[in-house]
Amino acid sequence: MLAERVVLSNLVKWKLSTIVRHLHHPSKIRNIGILAHIDAGKTTTTERMLFYSGKTNILGEVHHGTTVTDYLAQERERGITICSSAVSFDWKDCRINLLDTPGHIDFTMEVEQSLSAVDGVCIILDASAGVEAQTLTVWSQADQHKLPRIAFANKMDRSDADFAGTVEDLKKKLNAVPAVLQWPVKESGKLKGIVDIVSQQQLIFENEGRKCLIVPLKPDMEAFIKEKRSTLIDTISGFDDDLAEAIISNDSLDNISSIDLSNAIRRATINQKVVPVLLGSAYKNTGVQPLMNAVVDYLPSPEERNSNYDCFDKDFVGKVFKVTHDKQKGALSLVRIINGKLRKGSKVVTSRGTNENVPKLYEALADEYREIQEIGEGDIAVCAGLKSTCTGDLLVTTVSSLKSAQKKLQKKMKKELAPISEPIDPTEEVSNFEFISSTLGLAPKTPDAVYFCSVEPPSISYQLALENALKQLQREDPSLRVTYDEITMQTVLGGMGELHLDIVRSRLMSEFKIDADLGPLQIAYKETLEQDARDTFQMEKDIAGSKQSVTIDMSLVKDGTETFSIDTSPEATLNMQLVRPRSMNVFRKGAIAALDRGPKIGGNIINTQIILHNLQIGRGTADSFLMSAATQCVQKILLKGGLRLLEPIMSIEIVAPADRMSQILSDLSKRRATILNVESKGAFNKVVSVLAPLAELSGYSTVIRTISSGGASMNMQPHGYADMNPFEESSAIRRAQGLE
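From a predicted model like this one, the values you see are computed outputs, not experimental measurements.

Colleague: Before we move on, can you summarise the overall build of the protein chain with the specific residues and values?
Modeller: Looking only at helices and strands, the protein chain has 21 helices and 36 strands in total. Projected onto its principal axes, the C-alpha positions of the protein chain cover 95 × 65 × 60 Å. Taken over 740 residues, the protein chain has a buried fraction of 52%. A separation of at least 24 residues holds for 74% of the contacts in the protein chain among residues at least 6 apart in sequence. Here the protein chain holds 86 positive side-chain charges and 94 negative ones, and the gap between their average locations is 3 Å.

Structure below.
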């Protein structure tokens, strides 16, 4: 309760600050995400930004449970970020919309959702650890979204902090070109200040970082900093022609002004040629204001990133990147405005063709909301009252705007994509709007679940409440899989890890007051075809006096490039000419659905391609009968070709004291692990990189702490799937059947 009162008082200044939100020009907006490995200091850095911008008046601390962005009870209890949070604040003359994201691999979907809404990212690095395992993952995600980024070497107050080593890690592990903009000033191992290499000035932070004083450089540092500035100019000039021309015209690196250099750094950063590197200690209130300056100076504005949406011209477009739930306000959709303005009371259409109303608009500060009247281009807001909108949906004003954008996209991509066939009925017309989302890459890529378990309500009276709670949680977190197993008649949860499912259970209890019972965790094995197979399947039946008949000639092929394809041979093409597109779509859905559950232990079937050679459908045959026949045909051929199990493999990075490494390696050898690399880290630690089956890693974080007497830390993330030997496969089947 004390922590909650502190956070509430922390927000008073924000709540009373403004009645009408000023609409910033898109050039004065920065939408950024904070990414990092676990415990690198993302949330602490965000709290300092809120404080120094005047948004809050008390410094929140993770270990005290008083942070603004970690507002869930589970986040405050565990001291970790689980859900990404949006906050907005003003700095200089710009509006910064910041998304604080989780660092744990189990919640990587939260990072993926956030990256679809931002224009640049700030990578937080622990200067005492360098580039860690999860940093590699989030860096790869930023690469996929083609996002410019800056890096902040945090925790420079620690005695073992190594700024030069962190910069070198950026080069070696991430293949980045670091542009070092600052250098630490240390005395007796303590951080005393920061030197800005661009302006060649020293910064000292006093009074909890509130005062940033500029002092002259010490004479013994002038030559060193001048050399660093020359190196920076030389690096940037390799990627910026304007700076290179300025050097040639001046015939010197010394005469480049700070403004010209900053402009060149901005251009190179936005073009993703370099990564500006800054430093500080968020916990010690050092270096945060220069970091915010760098966000404004070097990361792009929305108008520099929205060219993909030119197909909408000047029509209003908003992108829903996250859905959350509030006890009083219900479902809340976080929307990034791409074009135009969105006003309270507006009527919008989603990219799936559904109509929605926007009764209220809010500005977000984590879980606190201030109602606003409108939101402008490039900004981020929270919409209440959107009933069916999902993550990845676009919001526009009219259906005609969607149709016009779709035609322009099809025309633009006609060489790459086959044109969409004309819809047969209105329901199919709506589905065509998904073309926009798939073409623009709006729908988030949902990772495969690695664990699953059954979930049961405490009594039958809670069944409906449990179903509604799971729907809410799944809408918030698309990586949570909720399915109903018709064989066991149980609701099954699929998740990214043990922590992920444990958090789901805790949220069911704390937020929905449902003491749900989760069954034992099961490994999400996959199944794959052992050998190619082909067969003909015929199905006939009289239903209510109507004869239903289907004849299918189909093959299943290992390691196919597509999930479903049609034989293109002349004979097959001639046979297929009588099949209507609608019937083919129904058949395709039924055939692909059969791959969702394999005959061995019910795992998804992967690396298998369905090839249809011939399809004959009797007159009057119902779609449901056709779909059932397709499913049964695939299942029959799967049994003929045979299946083998694939088990999930995890990539593990363990940092441990050198004197404990032999015990750790010995334990890993008993777990069917493959040791990839062992290297030294600092004077006393070693890092081991390992690939190991997930089945051998239950509770391994506890085991590793026990072996190392609490001195080791580990990070684990999915690496892929691998074949199992007959003995391990037999054991996995017995475990799945409850016989072990």
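Colleague: Please give an account of the side chain of Asp 196 that cites residues and values.
Modeller: Topologically, Asp 196 is positioned in strand β8 (residues 190–196). Buried charge Asp 196 goes without a salt bridge, the closest partner of opposite sign being Arg 229 at 7.3 Å. A distance of 3.0 Å separates a polar atom in the side chain of Asp 196 from the backbone nitrogen of Val 198. In terms of polar contacts, Asp 196 uses its side chain to reach the backbone amide nitrogen of Ser 199, at 2.9 Å. Ignoring any residue separated from it by four or fewer positions in sequence, one finds Asp 196 in contact with Leu 181 and Gln 201.

Colleague: Could you give an account of the packing of aromatic side chains, with specific residues and numbers?
Modeller: Enumeration over the complete set of coordinates arrives at five aromatic pairs. Ring-pair connections join several aromatic residues into one group, and the members of that group are Phe 163, Trp 183 and Phe 224. Lying over the aromatic face of Trp 139, Arg 149 brings its terminal NZ or CZ to 4.6 Å of the ring centre. Here Lys 329 stacks its cationic end above the ring of Tyr 362, 5.5 Å away from the centre of that ring.

Colleague: Before we move on, can you summarise the pairing of strand β18 (residues 368–372) with the specific residues and values?
Modeller: With four of five residues buried, β18 lies mostly within the body of the structure. With five bridges connecting them, strand β17 (residues 360–365) and β18 associate as antiparallel partners. Across the sheet, Leu 361 pairs through a bridge with Ile 372, a residue of β18.

Colleague: Report on the pattern of salt bridges, specifying residues and quantitative values.
Modeller: Evaluated as defined, the whole model comprises 31 salt bridges. The salt bridge involving Asp 623 is made with Arg 582; its shortest N-O contact spans 3.7 Å. Taken as a pair, Asp 623 in helix α18 (residues 623–641) and Arg 582 in helix α17 (residues 581–593) lie far apart in primary sequence, 41 residues in all. Judged by its relative accessible area of 26%, Arg 582 falls in the partly exposed class. Notably, a salt bridge pairs Arg 644 with Asp 723, separated by 3.1 Å at the nearest N-O pair. Of this pair, Arg 644 sits in strand β33 (residues 643–657) while Asp 723 sits in strand β36 (residues 713–723), and the two are 79 residues apart along the sequence. A relative accessible area of 26% means that Arg 644 is categorised as partly exposed.

Colleague: Talk me through the nonpolar core; I want residue IDs and the actual numbers.
Modeller: Judged by nonpolar contacts, the single largest core of 95 residues is most densely connected at Phe 163 and Leu 232. With seven residues, the top contributor of residues to this core is helix α10 (residues 288–298). Setting aside residues up to four positions removed in sequence, Leu 232 forms contacts with Ala 179, Val 180, Leu 181, Ile 197, Val 198, Leu 261 and Ile 265. Leu 493, Leu 697, Tyr 700 and Ala 732 belong to the second largest nonpolar core, which has 39 residues in total.

Colleague: Summarise the environment of Asp 559; cite the residues concerned and give the values.
Modeller: Its location among the elements puts Asp 559 in the loop between β29 (546–558) and β30 (564–566). A C-alpha to C-alpha distance of 41 Å links Asp 559 and Ala 268, two positions 291 residues apart in sequence. Not counting chain neighbours up to four residues away, the residues in contact with Asp 559 comprise Asn 607 and Thr 608.

Colleague: Could you give an account of the packing of helix α2 (residues 42–52) against α10, with specific residues and numbers?
Modeller: Running from N to C, α2 and α10 point in directions that differ by 85°, and their axes come no closer than 10 Å. Viewed along their axes, α2 and α10 adopt a mutual orientation that is roughly perpendicular. Taken together, the residues of α10 that come into contact with α2 (itself represented by Thr 45, Arg 48, Met 49 and Tyr 52) are Val 288, Gln 289, Leu 291 and Met 292. Broken down by class, the residue content of the contact of α2 with α10 amounts to five nonpolar, two polar and one charged.

Colleague: Just give me the short version of α17, but keep the residues and values in it.
Modeller: The terminal C-alpha atoms of α17, which comprises 13 residues, lie 18 Å apart, in line with the 18 Å expected from a rise of 1.5 Å per residue. As for α17, its buried residues are in contact with β29, β30, α16 (570–576), β32 (608–617) and α18.

Colleague: Explain the environment of Leu 213 to me, using residue names and the numbers behind them.
Modeller: Position of Leu 213 among the secondary structure elements: in strand β10 (residues 211–215). Exposure remark for Leu 213: the relative accessible area of 32% places this residue in the partly exposed category. With 429 residues separating them along the chain, Leu 213 and Gly 642 place their C-alpha atoms 72 Å apart. Leaving out residues up to four positions away in the same chain, Leu 213 has contacts with Gln 202, Leu 203, Ile 204 and Glu 206.

Colleague: Account for the environment of Gln 113, with residues named and values stated.
Modeller: Structurally, Gln 113 can be placed in helix α4 (residues 108–115). The buried category is assigned to Gln 113, whose relative accessible area is 1%. Along the primary structure Gln 113 and Thr 446 are separated by 333 residues, whereas in three dimensions their C-alpha atoms are 9.9 Å apart.

Colleague: Can you lay out the confidence of the model for the protein chain for me, pointing to particular residues and giving the numbers?
Modeller: Chain-level statistics for the protein chain give a pLDDT mean of 84 and a share of 90% at 70 or above. Residue range residues 1–20 is modelled with pLDDT below 50. Its contacts to residues more than four positions away, or to other chains, number 36 contacts.

Colleague: So, the sheet that holds β32: which residues are in play, and what are the values?
Modeller: Strands sit in the order β28-β29-β32-β30 across an open sheet of four strands; the sheet is mixed. Because the sheet does not close on itself, it has two edges, and the strands there are β28 (533–543) and β30. For this sheet the average axis-to-axis angle between neighbouring strands, irrespective of direction, equals 30°. In this sheet, β32 lies alongside β29 in antiparallel orientation, the contact comprising nine bridges.

Colleague: For the sheet that holds β10, give the residues involved together with the corresponding values.
Modeller: Read from one edge of the open sheet, four strands run β7-β8-β9-β10, paired in antiparallel fashion. In this open sheet, the two edge strands, each paired with only one partner strand, are β7 (182–187) and β10. Going from strand to strand, the sheet's axes swing by 35° on average, the running direction of each strand aside. Where strand β9 (residues 201–206) lies against β10, five bridges are found, and the strand directions are antiparallel. Across the sheet, residue Glu 206 finds its bridge partner in β10, namely Lys 211. Of the strands in this sheet, β7 and β8 touch helix α7 (residues 219–237), which is tilted by about 155° from β7.

Cut-offs used in this document
Residues numbered from 1 in each chain as written. Predicted model: local features only at pLDDT ≥ 70, side-chain atom pairs only at ≥ 80, totals over all residues. Heavy atoms only, no water. Helix = DSSP H or I, 4+ residues; strand = E, 2+ residues; numbered from the N terminus. Buried < 20%, exposed > 50% of the residue type's maximum accessible area, 1.4 Å probe, protein only. Contact = heavy atoms within 4.5 Å. Lys, Arg positive; Asp, Glu negative; His and termini not counted. Charge placed at Lys NZ, Arg CZ, Asp CG, Glu CD. Salt bridge = Lys/Arg side-chain N within 4 Å of Asp/Glu carboxyl O. Polar contact = N/O pair within 3.5 Å; in protein donor to acceptor, adjacent residues only side chain to side chain. Phe/Tyr/Trp six-rings, centres within 6.5 Å; stacked < 30°, edge-to-face > 60°. Lys NZ or Arg CZ within 6 Å of the ring centre and 35° of its normal. Pairing = 2+ DSSP bridges. Core = buried A, V, L, I, M, F, W, Y, C linked by side-chain atoms within 4.5 Å. Axes fitted to C-alpha atoms, helices over the stretch in contact; angles between N-to-C directions. Parallel < 35°, antiparallel > 145°, perpendicular 65-115°, else oblique. Nonpolar A, V, L, I, M, F, W, Y, C, P; charged D, E, K, R; others polar. Expected span 1.5 Å × (residues − 1). pLDDT = per-residue confidence, 0-100.

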